[in-house]
Amino acid sequence: MNDLPLETSIREESQRVIRALREKEAFEIERMEENCETEIEGFRTKIEEDTRSRILQELSRLENRAILERRKLKTRIIEDFIAHTVEEAVNDLRKSPGYKDFLRETVLDATGRIEGKTMVLLKGEDLVFEKELLDVLKASGRNPDIAIREDDTIVWGGCIVPDEKGGRIFNGTIERVYFRKSRSIRREVMRILRQKGLVD
């Protein structure tokens, strides 16, 4: 049985509409895929740029930290060098004949400023000079009421002479001398190290 022209026309129109819809659907899908790929590519590019920027930022931070740590290390090395050098110098000073003269003059100066009972405090190792110091003090005609005792707070040497009556303390320790001269010692050490090209 043959289709009627109306049915044929409807069928053809339906097929044409279905084809058009399929073509439109395929075009929309293709367009959506292209948009999606463009968005994905844009997102990927942005992530790469953000990541690159973050990496550069972190590298810069690490470089700055490394520079700071290197400076700290240099400073620690220089401070250790200065401390070691000062320690050696103090040990050499204590072994030299001039140390006994320094101790005698420091004790004479401090005790000469105090009236009445006086206590001279020395590093334990310096008590070997006790008799000699007492003899020198007696010969100088200074205050005869003087006692010498050990003070374990004196690390390098010298003396501490408290003046209880006058409310003063005469600090003639090597530590005190070093403290007063430490800036100029550091400057001199840095000058020498720069001169030798060992520091910037």
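Definitions and limits used
Residues numbered from 1 in each chain as written. Predicted model: local features only at pLDDT ≥ 70, side-chain atom pairs only at ≥ 80, totals over all residues. Heavy atoms only, no water. Phe/Tyr/Trp six-rings, centres within 6.5 Å; stacked < 30°, edge-to-face > 60°. Helix = DSSP H or I, 4+ residues; strand = E, 2+ residues; numbered from the N terminus. Buried < 20%, exposed > 50% of the residue type's maximum accessible area, 1.4 Å probe, protein only. pLDDT = per-residue confidence, 0-100. Pairing = 2+ DSSP bridges. Axes fitted to C-alpha atoms, helices over the stretch in contact; angles between N-to-C directions. Contact = heavy atoms within 4.5 Å. Core = buried A, V, L, I, M, F, W, Y, C linked by side-chain atoms within 4.5 Å. Domains from an automatic or database assignment.

1. Notes on the packing of aromatic side chains
All told, the structure shown has three aromatic pairs when counted by the stated rule. Look at Y99 and F129: their rings are 6.3 Å apart centre to centre, the planes differ by 55 degrees, and that puts the pair in the tilted class. Remark: F129 occurs in the loop between β1 (118-122) and α3 (130-139) and Y99 occurs in helix α2 (residues 97-111); sequence separation between them is 30 residues. F129 sits in the buried class, given a relative accessible area of 17%. Their ring planes at 75 degrees and their centres at 5.6 Å tell us that W156 and Y178 sit as a pair that is edge-to-face. With a gap of 22 residues between them, W156 in the loop between β2 (146-150) and β3 (158-163) and Y178 in helix α4 (residues 174-195) connect regions that are remote in the sequence. An identical accessibility class is assigned to W156 and Y178; each is buried. Ring-pair connections join several aromatic residues into one group, and the members of that group are Y99, F102 and F129.

2. Structural notes on the confidence of the model for the chain
In this model, the chain carries a mean pLDDT of 87, and residues with pLDDT of at least 70 account for 98%. For the chain, the element scoring lowest by mean pLDDT is helix α1 (residues 5-95), at 87; β1 scores highest, at 93.

3. Observations concerning the sheet that holds β3
Taken in spatial order, the four strands line up as β2-β1-β3-β4 in an open sheet, and their pairing is mixed. The open sheet is flanked by β2 and β4 (168-173), the only strands paired with a single partner. The average angle at which neighbouring strand axes cross in this sheet is 20 degrees, direction not considered. Relative to β3, β1 runs antiparallel, the two sharing two bridges. Its bridge partner lying in β3, L121 is registered against I160. Along the sheet face, α2 touches β1, β2, β3 and β4 and points at about 10 degrees away from the line of β3. α3 rests against β1 and β2 of the sheet, and its axis sits at about 155 degrees to β2.

4. Topic: the nonpolar core
Ranked by size, the top nonpolar core spans 27 residues in total, and within it L103, V107, V120, L122, L133, C159 and V161 carry the most contacts. Those elements that provide at least two residues to this core are α1, α2, β1, α3, β2, β3 and α4. When residues of this core are assigned to domains, at least three map to each of domain 1 (1-91) and domain 2 (95-191). Beyond its immediate chain neighbours, meaning those up to four positions away, V161 contacts A110, T111, I114, T118, M119, V120, R168, I169 and F170.

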